[in-house]
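Each chain, written out:
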Amino acid sequence: MSYAKVLLGLVISFITGAGCQLLRIPVPSPPVLSGALLVFAMSVGYWLVDRSMRHCEARHKSLCGGHAISTRKEG
């Protein structure tokens, strides 16, 4: 885990929240503690699953359609 990214994320979040308060515009997040905890829990859950699945082999990769623009040479 990159602590620099975590620190940068916290700084940007603080600046965004302070800016919204100073400019009197709605905060782009839930205004109650339970909503903020929900966003935090979803972020932690995403991070944990990403860390645990990183070491697993992609078993169904052949079934993935990929991008709409194919880079393969048709021929």
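Thresholds, definitions, all that
- Residues numbered from 1 in each chain as written.
- Predicted model: local features only at pLDDT ≥ 70, side-chain atom pairs only at ≥ 80, totals over all residues.
- Heavy atoms only, no water.
- Helix = DSSP H or I, 4+ residues; strand = E, 2+ residues; numbered from the N terminus.
- Buried < 20%, exposed > 50% of the residue type's maximum accessible area, 1.4 Å probe, protein only.
- Areas by Shrake-Rupley, 256 points an atom, 1.4 Å probe, with all protein chains shown as cover.
- Patch = residues over 30% accessible without salt bridge, like charges linked within 9 Å, V, L, I, M, F, W, Y side chains within 5 Å.
- Salt bridge = Lys/Arg side-chain N within 4 Å of Asp/Glu carboxyl O.
- Expected span 1.5 Å × (residues − 1).

K.L.:
Please explain the overall build of the protein as it appears in this structure.
P.N.:
Per the secondary structure count, the protein includes 2 helices and 0 strands. Scored against the burial criterion, the 75 residues of the protein give a buried share of 3%. On the protein, roughly 7500 Å² of surface is accessible, and the fraction owed to carbon and sulfur atoms is 68%.

K.L.:
Explanation requested: a nonpolar patch on the surface in the structure shown.
P.N.:
The grouping of Leu7, Val11, Phe14 and Ile15 at the surface amounts to a nonpolar patch, some 440 Å² of accessible area in total. Counting through the fold element by element, Val11 comes out in helix 1 (residues 3-23).

K.L.:
Just checking my understanding: could you explain helix 1 for this structure?
P.N.:
Each α-helix turn comprises 3.6 residues. Residues three or four places apart therefore point the same way. An ideal rise of 1.5 Å per residue puts 30 Å on 21 residues; helix 1 measures up with 30 Å between its terminal C-alpha atoms. Residue Arg24 follows helix 1 closely and has a positive phi angle near 55°.

Fair warning: the whole summary comes from geometry, so function is off the table for now.
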